[in-house]
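Summary of the model geometry
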Amino acid sequence: MTNRLDSLIHELKRNDLDSIFVTSKANVYYLSGYYTDPHERVVAVYVSQSDDPVLIVPAMEVNDAKDAGWNYDMIGYHDHENVWELFLNHLNKSKLPESMGLEHDHFTLERYESLKKILSTTHLKNATNILSNMRVIKSKQEYTLLKQAASLADFGVETGVNAIKEGISELDIIATIEYELKKQGVQEMSFSTMVLSGGKTASPHGTPDQTKIQKGDMVLFDLGVVFEGYCSDITRTVAYHSISDEQQQVYETVLKAEQKAIEACKVGVPVGKLDQIARDHIGEASYGEYFTHRIGHGLGIDVHEYPSMHGENELPLQEGMCFTIEPGIYVPNVGGVRIEDMIFMTDKGAESLTTYPKELQIIK
Ligand code: MN
Ligand code: MN
């Protein structure tokens, strides 16, 4: 973790910030190596240009954080104590920072007011982009974890496809997928597993329930796991028993759009180009109005993270980025198809970390 803390201090200098107070679960893990879900309690990494870093955790987690490899100072607080006063006592050991970065997309107003109360003269600034920019390029070690998370997602889809039979419900299939993944050592999914069938596939964010799979249904799987703090995300759509001509046309259009976008992944190409290429292909097939979301999103410690892979993003692709490519077409009364892979950028282009087959499968 020390390298990351060194890089962060370098970034603080570059951004003319004295210090940064990091509280999101993902950034705390990224900087400290300690992965925890504190619920409403405060967990924070404080890094400044002038002093050693400090980790703030509930007292009951001090030993866990040490075990995770945190070697610097810690402030462990009990539930009856005021964590902000303890933090101020710590800061008072040296000069109070003139400026402090916060994660504006995460830090609550309640916490902001508490911090403002103890640090009335410190300039509080948005520093979300500093950490987003650091996290967007993954290290070798992060690549390995993402790849392992991706192969568990492949296994999850394979398990789900194998579970399809007439009369089984969406939730039954989800139970089977997650049971088998738990047996592989997966502690948590990266989001609520989605299995949608029939007309429900026409909603990109539909809710699985006890709907039973019937012959002629499309069945859409969207799932991912967390592996040692890193997320995966895959979508596959299959047909059960048979497929209509229009469903097949939708399927082939999405598949081609996905392949074209993946082939376009080269270092230096703007992110937005990938969305445009897929959207053009889908538009030419006259399904443009049914592709209702961006082509994808960055992923890593968070399942959705920087960058947003939308059509107007001019950020150039760089080696070490990891993101999804996931075009979809959702036609009411016909159904929906989405195909999603996790892409890792190398100097040669895209490496797909998810590898489950995506040619149309008709499950008999
Ligand atoms: Mn996704
Ligand atoms: Mn997904």
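Treat the numbers as computed from the prediction; the structure is a model and nothing was measured.

1. Some words on the coordination of the manganese ion (ligand 1)
- Within the protein, Asp233 (OD), His297 (NE2), Glu326 (OE) and Glu340 (OE) serve as the donor atoms for the manganese ion (ligand 1), at 2.1 to 2.2 Å.
- Read N to C, the donor residues that coordinate the manganese ion (ligand 1) are spaced as D-x63-H-x28-E-x13-E.
- In this structure, the manganese ion (ligand 1) lies 3.2 Å away from the manganese ion (ligand 2), the two metals sharing Asp233 as a donor. Of this pair, Asp233 sits in the loop between strand 11 (230-231) and strand 12 (234-240) while Glu326 sits in the loop between strand 15 (322-325) and strand 16 (328-331); the two residues are 93 residues apart in sequence, bridging distant segments of the chain. Here Asp233 and Glu326 have matching classes, each one buried.

2. Some points on the environment of Ile75
- Turning to its location among the elements, Ile75 is positioned in strand 4 (residues 73-77).
- Between the C-alpha atoms of Ile75 and Leu55, which are 20 residues apart in sequence, the distance is 6.2 Å.
- When sequence neighbours within four positions are dropped, the list of residues in contact with Ile75 reads Val54, Leu55, Ile56, Val57, Leu86, Phe87 and His90.

3. What to know about the domain arrangement of the chain
- Taken as a whole, the chain is organised into domain 1 (2-136) and domain 2 (140-363).
- Relative to domain 2, the C-alpha centre of domain 1 lies at a distance of 35 Å.
- Listed by partner, the interface residues are ten residues for domain 1 and 15 residues for domain 2.
- Summed over both sides, the interface of domain 1 with domain 2 buries roughly 970 Å², with 51% coming from carbon and sulfur.
- At the junction of domain 1 and domain 2, the tally comes to three salt bridges.
- One salt bridge connects Arg135 with Asp302, and the closest N-O pair in it is separated by 3.2 Å.
- Here domain 1 is connected to domain 2 by three residue pairs in polar contact (both at pLDDT 80 or more).
- Secondary structure elements with two or more residues in the side of domain 1 that touches domain 2: helix 2 (25-32) and helix 6 (128-135).

Cut-off values and rules
Residues numbered from 1 in each chain as written. Chains lettered and ligands numbered in written order. Predicted model: local features only at pLDDT ≥ 70, side-chain atom pairs only at ≥ 80, totals over all residues. Heavy atoms only, no water. Donors = N, O, S within 2.8 Å, 3.2 Å for Na, K, Ca; no water. Helix = DSSP H or I, 4+ residues; strand = E, 2+ residues; numbered from the N terminus. Buried < 20%, exposed > 50% of the residue type's maximum accessible area, 1.4 Å probe, protein only. Contact = heavy atoms within 4.5 Å. Domains from an automatic or database assignment. Buried area = accessible area lost by both parts, 1.4 Å probe. Salt bridge = Lys/Arg side-chain N within 4 Å of Asp/Glu carboxyl O. Polar contact = N/O pair within 3.5 Å; in protein donor to acceptor, adjacent residues only side chain to side chain.

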